[in-house]
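Chain residues, written in single-letter form:
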Amino acid sequence: MSNIHVSATVNGDAVEFLCEPDESLLDSLRDRLALTGSKEGCGTGDCGACSVVLDGRLVCSCLVLGAEADGRTIETIEGVADGDDLHPLQQKFLDHAALQCGICTPGFLVAAKALLERNPDPDETEIRYWLAGNLCRCTGYDKIVRAVMDAAEEMRQ
Amino acid sequence: MRYLAPASVDEAVSALAAEPGKTGILAGGTDLLVQMKTGLIEPDLIVDIKKINDLNAIRRENGGFRIGAGVSGAQMGEHAELARAWPGVVESVNLIGSTQIQGRATAAGNLCNASPAADSVPALIAASAVASVAGPGGTREIAVEDFIAAPGQSVLEKGEIVVSLFLPSRPEHASDAYERFIPRTEMDIAVVGVGISVDTSAEGEVKNARVGIGAVAPTPLLVNEAADAIVGTKLDEEALERCASAAMAACSPINDKRGTIDFRIKVAGALAKRVAKRAYCRARG
């Protein structure tokens, strides 16, 4: 199996890496670029822990090949905070205790950020549907939904 | 395994036709990559069709819509004209999976995966959708109801790819709808799915109808008898009953953990009535 050379933009930085043809973008991010914030929960697109934004679309990076990233733009959880300043969503997840074990949290944050960029004022139903592809086995979702609503309100001001 | 991302349909077809081993066509990847991951298939060559420009767009053609094979469900949902003309097709595609899946999964891929329970297929059948196929022997057009041969198996031959799906133009007072039964509110596979398209006269009489049903037979079906039951009517209760009976008569489902044979047949009838009413209401504005 010969490796494939990929040039992409990740969190605003030009990156290059070599990947195997059947390697997922999730594995490329974690193992080639050392961006280990995106998690593998299921590896089959069911849990959303590996959520990233690919050319403006929220996707599961486990269901994208690393090779497909060539020439494309990717945003991961590592690009959500601005240096040491947390994104409002991150701060509200802390304030509302919207996480316990934390494995699902990067995916929820990336997905919630993508929602608020499209819809700055989602209602609870819209939030729950948008986040239906992100599974959390600890919180029961309520605190996550409240954190997103609270962050949205703060970001609208 | 090799990965290719050709820039043209010809290049994609040549590569697929020339490969002696197993091949996989990568559009959204939401079926293919899962099947690879779980060891269901081990392709020697994957051809990614998303670098072919033409395949990533929805275009108007003869008053209808040509949907490229690389177009995601999210793109379809955001296309206001398409959603207005074919709301049933768009809702059927948008029911598939999560937001993340919608960002990648394609209607053409849902068809090619050839599942009996594919959500978009009954709606596409109802819409008289046609798949444009390119292959080593040239191009051909395949009506969606003729596309799936058996569970997981399409009529595509070696080297052939679906390039686009075509949805025809809509006359006035015409619309469609799709509904499925699942035991949850979201993120599930259809136990029964029904898509219906109606075209009505100014006075409200159904002029033409198409009924597609899914998850109740080895392949999704076009049920002409169910459509005939409502043509010439204003969807009175008796016509709806006949439509439901015809839909139920067409079912040959299996018993599995999602539903029993009896349950699936009963739900197919209930959905046929409900979906016919929704399509009709939309058509009447």
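### Focus: the overall build of chain B
Along the backbone of chain B there are eleven helices and 14 strands. The C-alpha radius of gyration computed for chain B amounts to 19 Å, which stays within 12% of the reference 19 Å derived for 285 residues, consistent with globular compactness. Dimensions of chain B, computed from the C-alpha atoms along their principal axes, are close to 55 × 45 × 35 Å. Total accessible area on chain B is roughly 11,600 Å²; 51% of this is exposed by carbon and sulfur atoms. In chain B, 29 positive and 34 negative side-chain charges are present, and the distance between their average locations comes to 4 Å.

### What about the pairing of strand β2 (residues 23-26) of chain B?
Residues and elements named next belong to chain B. Because side chains alternate across β2, one face comprises the buried residues G24 and L26, and the other comprises T23 and I25, none of which is buried. By the bridge criterion, four bridges tie β2 to strand β3 (residues 45-48) in an arrangement that is parallel. Looking across to β3, one finds that G24 is bridged to I46.

### Here's the deal with the layout of surface pockets
If you add up the space inside the second largest pocket, you get close to 510 Å³. Along the walls of the second largest pocket sit 21 residues, with R118 and W130 of chain A together with A74, T99 and Q102 of chain B positioned nearest its centre. Listed by contribution, the elements that provide at least two residues to the lining of the second largest pocket are β4 (57-60), α3 (105-118) and α4 (124-130) of chain A together with α3 (73-78) and α6 (99-102) of chain B. It is α3 of chain B that provides the largest number of residues to the lining of the second largest pocket, a total of four residues. Partitioned by chemical class, the residues of the lining of the second largest pocket number six nonpolar, ten polar and five charged. Residue assignment places the lining of the second largest pocket across two domains, with domain 1 (4-79) and domain 2 (88-156) of chain A each supplying three or more.

### A few points about the domain arrangement of chain A
All names here are of chain A. Here chain A is described as being made up of domain 1 (4-79) and domain 2 (88-156). With centres defined by C-alpha atoms, the gap from domain 1 to domain 2 works out at 21 Å. Taken together, the two surfaces of domain 1 and domain 2 that pack against each other cover about 1,100 Å², and 61% of this comes from carbon and sulfur. There are zero salt bridges connecting domain 1 and domain 2. Counting the contacts that link domain 1 with domain 2 gives four residue pairs in polar contact (both at pLDDT 80 or more). Going through the elements one at a time, β3 (51-54) and β4 are the ones with two or more residues in the side of domain 1 that touches domain 2. When residues of the side of domain 1 that touches domain 2 are assigned to their parent elements, the largest contribution, three residues, is made by β3. Classifying every residue of the side of domain 1 that touches domain 2 by side-chain character gives six nonpolar, five polar and four charged.

Analysis parameters
Residues numbered from 1 in each chain as written. Chains lettered and ligands numbered in written order. Predicted model: local features only at pLDDT ≥ 70, side-chain atom pairs only at ≥ 80, totals over all residues. Heavy atoms only, no water. Helix = DSSP H or I, 4+ residues; strand = E, 2+ residues; numbered from the N terminus. Rg over C-alpha atoms; globule rule 2.2 N^0.38 Å. Areas by Shrake-Rupley, 256 points an atom, 1.4 Å probe, with all protein chains shown as cover. Lys, Arg positive; Asp, Glu negative; His and termini not counted. Charge placed at Lys NZ, Arg CZ, Asp CG, Glu CD. Buried < 20%, exposed > 50% of the residue type's maximum accessible area, 1.4 Å probe, protein only. Pairing = 2+ DSSP bridges. 1 Å grid on protein atoms, 1.4 Å probe; cavity = no way out; pocket = protein on both sides within 12 Å on 5 of 7 lines; lining within 4 Å. Points joined across faces, edges and corners; volume = space filled by probe spheres on them. Nonpolar A, V, L, I, M, F, W, Y, C, P; charged D, E, K, R; others polar. Domains from an automatic or database assignment. Buried area = accessible area lost by both parts, 1.4 Å probe. Salt bridge = Lys/Arg side-chain N within 4 Å of Asp/Glu carboxyl O. Polar contact = N/O pair within 3.5 Å; in protein donor to acceptor, adjacent residues only side chain to side chain.

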